[in-house]
Amino acid sequence: MAHTLAVAHTTDDGKANLDTYGYTVHEDFLSPGELAALRQRLEEQAELERAEGVAVLSGSGHAASDKYIGAPKPNERIGYQEVRHLPNKGRVFLDVLHKPVIHDYATHLFRGEAYNAASHNGVFLSSGSSRQVLHADQQAIPLILDRPVMFVMMICLSDFDADMGATLVAPGSHRFPAPDLRADPDEQVRAIGSELVPLTAKAGSVLLWESRTWHCAGASTSDKTRVSIGVAWAQHFIKPQDFFPAVIHDDVYPTLTDTDKELLGFRVVREYAGAIGPRWPGDQRSNTNVRHPYVPELVKGGTKRAVPLDGAAAVPGR
Ligand SMILES: [Fe+2]
């Protein structure tokens, strides 16, 4: 029987969808005002990245070999543009990370374990963008786990029709080992009794799939451009795609609240991962809960000196 798309308006329904199918569509995630503000800021940024020759572009999609950074080539058909590292590119992109719906889902999926943002990028997908290889985002872990180590949320800034490169998911695949990247995707999906379902949605929705769920970006054959923001959230000990403590610009860092920093991975949880130290004497960038003194190579008779912490104790991450 054909799968009916799992749609939620509450996180209780969405959590049940995630448990059963490994994904959910959550409608009306954004207010109309939030949707307009995010889309306006993302489109302006994308236009100027093309104009300034720093755009991430591809004729044929996300993982394509023709992906490059620069200005569009003359007469080039752009199938894909990515706007990377959004926390550096407008407060509106940081604000959306605070929405309680996200953290309700994250707490459920990660069983209360701490987590942080692992990537935060905008994507424009147009006709010509091709289907991605079927995979699970925790493909590198060759085990069946009882929970995901990561999940992706894709915020829809336009409608997502099936022919606009809507992500294809295999409902229920989160209970199986990751697919073989070289084997036929449709046969593998059939073998586990599933099917590939396009995640269609209205603008303002958010799509969530967890990192055990088999999925791939779909091909776009539409005249319409699909606009989205993708944020990956990972458990705190997983190496993130984008390490925000190193990505955040020096002029953005002082604007961050402690909560912003924790969402971006500046907190060290139980001494596991992500400790950062001063890069030069006087560097103020630090974890939210650990500080280290500046300690260079110290040589008798040498000129380099350590800088002890100014009153604040260097405590291990808790
Ligand atoms: Fe993926």
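Criteria and thresholds
Residues numbered from 1 in each chain as written. Predicted model: local features only at pLDDT ≥ 70, side-chain atom pairs only at ≥ 80, totals over all residues. Heavy atoms only, no water. Salt bridge = Lys/Arg side-chain N within 4 Å of Asp/Glu carboxyl O. Helix = DSSP H or I, 4+ residues; strand = E, 2+ residues; numbered from the N terminus. Buried < 20%, exposed > 50% of the residue type's maximum accessible area, 1.4 Å probe, protein only. Donors = N, O, S within 2.8 Å, 3.2 Å for Na, K, Ca; no water. Pairing = 2+ DSSP bridges. Contact = heavy atoms within 4.5 Å. Axes fitted to C-alpha atoms, helices over the stretch in contact; angles between N-to-C directions. Left-handed = near helix turned anticlockwise from the far one by under 90°. Nonpolar A, V, L, I, M, F, W, Y, C, P; charged D, E, K, R; others polar. Phe/Tyr/Trp six-rings, centres within 6.5 Å; stacked < 30°, edge-to-face > 60°.

K.L.:
Before we move on, could you go through the pattern of salt bridges and cite the residues and values that matter?
P.N.:
Considering all chains together, one arrives at 20 salt bridges under this definition. The residue arginine 285 makes a salt bridge to aspartate 250 at a minimum N-O spacing of 2.8 Å. Of this pair, arginine 285 sits in the segment after helix H7 (258–263) while aspartate 250 sits in the loop between helix H6 (244–247) and H7, and the two are 35 residues apart along the sequence. Judged by its relative accessible area of 6%, arginine 285 is buried. Aspartate 250 gets classed as partly exposed once you look at its relative accessible area, which sits at 48%. Across the salt bridge formed by aspartate 258 and lysine 261, the nearest N and O atoms sit 4.0 Å from each other. Of this pair, aspartate 258 and lysine 261 are both found in helix H7, three residues apart, which corresponds to roughly one turn of the helix.

K.L.:
So what's going on with the coordination of the iron ion? Which residues, and what values?
P.N.:
Protein coordination at the iron ion: the donors are His135 (NE2), Asp137 (OD) and His215 (NE2), at 2.1 to 2.2 Å from the metal. All donor residues of the iron ion come from one chain, and their arrangement in sequence is H-x1-D-x77-H. Taken together, the positions of histidine 135 in the loop between strand S6 (115–125) and strand S7 (150–156) and histidine 215 in strand S11 (residues 215–216) put the pair 80 residues apart, joining distant regions of the chain. For the pair formed by histidine 135 and histidine 215, the shared burial category is buried.

K.L.:
Summarise the sheet that holds strand S12 (residues 226–235); cite the residues concerned and give the values.
P.N.:
Overall, mixed pairing links the nine strands, which are arranged S1-S2-S10-S7-S12-S6-S5-S3-S4 in an open sheet. With partners counted over all chains shown, the strands left at the sheet margins are strand S1 (7–8) and strand S4 (68–70), one partner each. Taken together, the five bridges between S7 and strand S10 (residues 206–210) define a ladder with antiparallel strand orientation. Along S10, the bridge assignment pairs phenylalanine 151 with glutamate 210. Along the sheet, helix H1 (residues 11–21) contacts S1, strand S2 (23–26) and S10; its crossing angle with S2, the most-contacted strand, is approximately 155°. Here helix H4 (residues 100–109) sits on the sheet in contact with S1, S2, S6, S7, S10 and S12, set at roughly 155° to S7.

K.L.:
Tell me about the packing of H1 against H4, and name the residues and values.
P.N.:
When two helices pack together, their arrangement is captured by the angle between the axes and the distance separating the axes. Where H1 meets H4, the closest approach of the two axes is 10 Å, and the angle between their N-to-C directions is 35°. The two elements H1 and H4 cross, and the hand of that crossing is right-handed. Residues Thr11, Gly14, Lys15, Leu18 and Asp19 of H1 lie in contact with H4, whose contacting residues are Val101, Asp104, Tyr105, His108 and Leu109. Taken together, the residues of the contact of H1 with H4 break down into four nonpolar, three polar and three charged.

K.L.:
So, the pairing of S12: which residues are in play, and what are the values?
P.N.:
Most of S12 sits out of view: ten of its ten residues are buried. In this sheet, S12 lies alongside S7 in antiparallel orientation, the contact comprising seven bridges. Opposite methionine 150, over in S12, you have alanine 234 as the bridge partner.

K.L.:
For the pairing of strand S3 (residues 55–58), give the residues involved together with the corresponding values.
P.N.:
Side chains Ala55 and Leu57 project from S3 onto one buried face, and the interleaved Val56 and Ser58 project onto a second face that is buried too. Both S3 and S4 contribute to a ladder of three bridges, which runs antiparallel. In the sheet register, alanine 55 faces S4, and the bridge partner there is glycine 70. Pairing of S3 with strand S5 (residues 80–83), which is carried by three bridges, proceeds in the antiparallel orientation. Residue leucine 57 lies in a different strand from S5, and its bridge partner there is glutamine 81.

K.L.:
So what's going on with the packing of aromatic side chains? Residues and values would help.
P.N.:
Within the structure shown, the criterion is met by six aromatic pairs. Ring geometry for phenylalanine 110 and tyrosine 115: centres 5.7 Å apart, planes at 45°, overall tilted. You can call phenylalanine 110 buried: its relative accessible area is 0%. On the accessibility criterion, tyrosine 115 (19% relative accessible area) is buried. Measuring from ring centre to ring centre gives 5.9 Å for tyrosine 115 and tryptophan 233, while their planes differ by 75°; the resulting arrangement is edge-to-face. Taken together, the residues tyrosine 115 in strand S6 and tryptophan 233 in strand S12 connect sequence positions 118 residues apart. In this structure tryptophan 233 comes out as buried when scored by relative accessible area, which is 0%.

K.L.:
I'd like a rundown of unusual backbone geometry, residues and numbers included.
P.N.:
Although it is not a glycine, asparagine 75 sits at a positive phi angle of roughly 60°. Its location among the elements puts asparagine 75 in the loop between S4 and S5. In this structure, arginine 111 takes a positive phi of about 55° despite not being glycine. Here arginine 111 lies in the loop between H4 and S6.

The values reported here are purely geometric and, on their own, carry no functional implication.
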